[in-house]
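Remarks on the overall topology
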Amino acid sequence: MTDPLPPTRPFEFAEPTESFTLAPPTRKGKRVALAITLSVGLPLLAAGGVAGYLAIASALADARPPALSAAQSDSIEAELAEHADLLAQLDDQRDAYTTAVSQWDQSLSWAEEAHGPADQPAVAVANPGGDALPGGDPYGRAFLDSIGATDVVVVFDAGPDNCGYYGNAGGGDSGYVYAGGCFRADHANTLYMAWDSGAEDIVWPIFVHEAMHWYQAEHYVQDTYLADFAGIDASTYNERWEADASCRAVYVYGMSISDYEGSSSPCTIDGWYEGFIADYLTSLGANLVEPDPATYELAEPSRP
C-alpha cells in the first residue's frame, strides 16, 4: 500500500486512503557584463576620436530606412491580417513548448529529489508479530538486494506511519487477525510491516507487494508528476497503481495471484506487462515523453 503524495506531487498523499490487509474468514544562469574603457592621453588622438565619431554618426543618419508610403503600409497590414491565424498558432505552439519543457525539467528535478537519501524513521508502536519476517529472509535483505533496493530497510512498526496495518494495535476489529504494510514517499528507503499473531502466512506476499511500490517509485515516479501537470488526480489511478504492484509481484516475482485476492490490492490487470502503469497514465492524458521541438512545428521548414 502506498501513502499518496501532496497535490503538487502526485506520488505523495496527504492522508493514507487505503490499507493492505488480509483476514481469514533548477539551475540558474549568470550574466557577465564586460566593460571596455579606452583612455587617450594625447589631444591629437582625442580629436581624432571625436572626428571618427562624427563620421560614423553621419553615416548612420544617412542609412536610416526611407519612410513607407501609404500603399506599402496598407500592403503590410493586409499581409499581417491575412496570416493572423497562423501567427496566433505560432504563438500558441511556442508557449506550449515552453510550458512542456518547464514541466519536464521540474518533474525530473522532483524525481531526483525523491530518489535522494532518506532518514530511517523510529518505530512508534512495536509490531505484535515481532521484529523479523517469517521464513528464511527475516529482514527481506536477500529479496531487496535482488531487485536493486540495496538501501531499503524493513521497519516493523504497527503505528500510524504504517498506513496498511489495521490490526489490534491499529484499531482493527479484534475478531480478526491482520497483516499490513506501507511504502511512503516521505520515507523512500523504508518498507513498513506489521502483523498480528496468527497472520504469519500472509506476511511475505504483503512484503513483496510493498517492495513493488518501491520499484514503482524508483522507475515511474516522474510519470506521476507529469500526470499531475496534466491535471490527473492520483485518486484517478490509485486502484491501478495498487494492482500494478500486486501484478508485478505475481508475474515477475512468482507470487500466487490468490495471495492478493482477499486483499485491498488484488491483481486485476489482465495481460499485465512491464510499463503498464506508464501506458495507463498516458491513456488518461499524461505526456510522459521529453518534449521534442519538432513535434511543435506547424509545418515542415522550407528554404527559398
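Coordinates for the structure precede this section.
Nothing here was measured: the structure is a model prediction, and the numbers come from that model. Position labels on residues start from 1 in each chain and follow its written sequence. The model is predicted, so local features are restricted to residues of pLDDT at least 70 and side-chain atom pairs to those at 80 or more, both for listing and for counting; the totals for chains, interfaces and linings are taken over all residues. Note: side-chain values were computed over all heavy atoms of the structure, leaving out hydrogens and water.

1. Some remarks on a nonpolar patch on the surface
Applied cut-off: Only residues whose relative accessible area exceeds 30% and that form no salt bridge enter a patch; like-charged residues are grouped when within 9 Å of one another, and nonpolar side chains (Val, Leu, Ile, Met, Phe, Trp, Tyr) when within 5 Å. Every accessible area reported is derived by Shrake-Rupley at a probe size of 1.4 Å, with residue values counting cover from the shown protein chains alone. We define a salt bridge as a contact between a side-chain nitrogen of Lys or Arg and a carboxyl oxygen of Asp or Glu at a distance within 4 Å. In this text, helices come from DSSP runs of H or I with a minimum length of four residues, and strands from runs of E with a minimum of two, each type numbered from the N-terminal end.
A surface patch of nonpolar side chains, about 220 Å² in accessible area, is lined by Leu-86, Leu-90 and Leu-298. By the element assignment, Leu-298 lies in the segment after helix H7 (276–283).

2. Some remarks on the environment of Gln-120
To be explicit about the condition: Contacts are residue-level and defined by heavy atoms, with any inter-residue pair within 4.5 Å sufficient.
Position of Gln-120 among the secondary structure elements: in the loop between helix H3 (84–114) and helix H4 (141–146). Placed 35 residues apart in sequence, Gln-120 and Val-155 show a C-alpha to C-alpha distance of 8.4 Å. Residue contacts for Gln-120: discarding those within four places in its chain leaves Val-153, Val-155 and Thr-190.

3. Overview of the nonpolar core
Rules: Grouping buried Ala, Val, Leu, Ile, Met, Phe, Trp, Tyr and Cys residues that are joined through side-chain atoms within 4.5 Å yields what is termed a nonpolar core. For every residue, the accessible area (1.4 Å probe, protein chains only) is compared with the maximum for its type, and the residue is labelled buried under 20%, exposed over 50%, or partly exposed between those bounds.
Residues Met-193 and Phe-207 are the most contacted members of the largest nonpolar core, which totals 48 residues. Tallying contributions element by element places helix H5 (residues 203–229) first for this core, with 12 residues. Residues in contact with Phe-207, not counting those within four places in the same chain, are Leu-133, Gly-140, Phe-143, Leu-144, Val-154, Leu-191 and Met-193.

4. What about H7?
Buried residues of H7: Phe-276, Ile-277, Ala-278 and Leu-281, and no others. On its buried side, H7 packs onto H5 and helix H6 (234–251). With its phi angle positive at about 115°, Gly-285 sits one or two positions after the end of H7.

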